[in-house]
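# Topology and contacts: notes
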Amino acid sequence: MDQFNSDTYKKQGIVQEFFNSCLGKIVIFLGVLLCLYIFALITVPSKELMFTETLDNIHECLQENDSIKADEIDEFINNISRSFSIADTTRTNPEVLKAFMKYNRLEVYDYPGFKTIHVVNSMYPEGLRIGIGLFQNVISTLHYGDLVLSNGAARGDYNKKLTSPIEMPEDDEDYDETHVEPYHYDGDPDN
C-alpha cells in the first residue's frame, strides 16, 4: 500500500481557488468590462471629429452612388470601407452636395462611452442614425436612400382624369376619313 506523499500534492492558495471558482471568473470578466468602459469614456470622439468624419463618409456615399445597390451587403461593405478611408472631395458633384446641405441637417447625440450622429430631413423628421463614434473612430451606417437630395411632390394630382378625349378639327381639309380601313394582323405573309 502506497503511503500518502505530501510533496506531490500541494494545497492551492486562496488566490488560486478564487480564480478557479465561478465567482472569481465573473469578477474577472466584470473587471475587464469596467476597464473597457473606462477606456471608452476616455476615447469618445469629439463633436468636431464626428462632423468631419461623417461629412467625409457622405462625400464618398454621394460619389459612388451612380447606380442602384443590389442588397444590404453592398451597403455594409461600403460603410466599412468608408470608415477607414478619406474621400476625394473634388470628385463630389457640387450641385448634389449643395442639395444635401439644403435638405439635410446633422445632429450629434452624446451617450456615456459613445456618440451617435443623426441626419434630420423631411423623410426622417425625428432623425435617423448614420454613424456611431466609439474609441476615437466613427463607424458609418449611412445608406444613400437615407439622404434627401431633392424636394418635390411626393404624390401627383389624383383628381386629374387619366384619359382625355381626342378632338379632331372639323375644318381640316387634309383629313380624309374615306380611306381609313381597319387593320388586322394576319401574320407574316412571306412565311
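A quick note: this is a predicted structure, and the numbers were derived from the prediction, not measured.

Within the protein one finds 5 helices and 4 strands. Traced from its N-terminal end to its C-terminal end, the protein shows the element sequence α-α-α-α-α-β-β-β-β. Expressed as a percentage of the 191 residues in the protein, the buried residues total 24%. Nonlocal contacts in the protein, meaning residues at least 24 apart in sequence, comprise 60% of its contacts between residues at least 6 apart.

The next point concerns helix 2 (residues 22-42). Here helix 2 is 21 residues long and its end C-alpha atoms lie 31 Å apart, about the 30 Å a rise of 1.5 Å per residue gives. One side-chain oxygen of the residue at the start of helix 2 lies 3.1 Å from the amide nitrogen of Gly24, identifying that residue as Ser21.

This paragraph deals with the side chain of Ser140. When you line up the elements, Ser140 lands in strand 4 (residues 137-140). Within the structure, the side chain of Ser140 is placed 3.4 Å from the backbone nitrogen of Leu142, a separation counted as a polar contact. Setting aside its immediate chain neighbours within four residues, Ser140 contacts Asn57, Asn79, Arg82, Ser83, Ile130 and Gly131.

With that out of the way, let us pick up the pattern of salt bridges. Tallied over the full model, the rule gives 2 salt bridges. As a salt-bridge pair, Asp110 and Lys115 come within 3.4 Å of each other at their nearest N and O atoms. Note on Lys115: relative accessible area 12%, which makes it buried.

As a further point, take the packing of aromatic side chains. Counting across every chain of the model gives 2 aromatic pairs. Here the aromatic rings of Tyr111 and Phe114 are separated by 5.1 Å at their centres, their planes lie at 20°, and the arrangement is stacked. Its relative accessible area of 31% is what places Phe114 among the partly exposed residues.

Of the two faces of strand 4, only the one carrying Val138 and Ser140 is buried; Asn137 and Ile139 on the other face are not. In this sheet, strand 4 lies alongside strand 3 (residues 128-134) in antiparallel orientation, the contact comprising 4 bridges. Each bridged residue has a counterpart across the sheet, and for Gly133 the counterpart in strand 4 is Val138. Connecting strand 3 to the antiparallel partner strand 4 that follows it, the hairpin turn spans 2 residues, and Phe135 within it adopts a positive phi of roughly 55°.

Definitions and cut-offs
- Residues numbered from 1 in each chain as written.
- Predicted model: local features only at pLDDT ≥ 70, side-chain atom pairs only at ≥ 80, totals over all residues.
- Heavy atoms only, no water.
- Helix = DSSP H or I, 4+ residues; strand = E, 2+ residues; numbered from the N terminus.
- Buried < 20%, exposed > 50% of the residue type's maximum accessible area, 1.4 Å probe, protein only.
- Contact = heavy atoms within 4.5 Å.
- Expected span 1.5 Å × (residues − 1).
- Polar contact = N/O pair within 3.5 Å; in protein donor to acceptor, adjacent residues only side chain to side chain.
- Salt bridge = Lys/Arg side-chain N within 4 Å of Asp/Glu carboxyl O.
- Phe/Tyr/Trp six-rings, centres within 6.5 Å; stacked < 30°, edge-to-face > 60°.
- Pairing = 2+ DSSP bridges.

These figures capture arrangement, not role.
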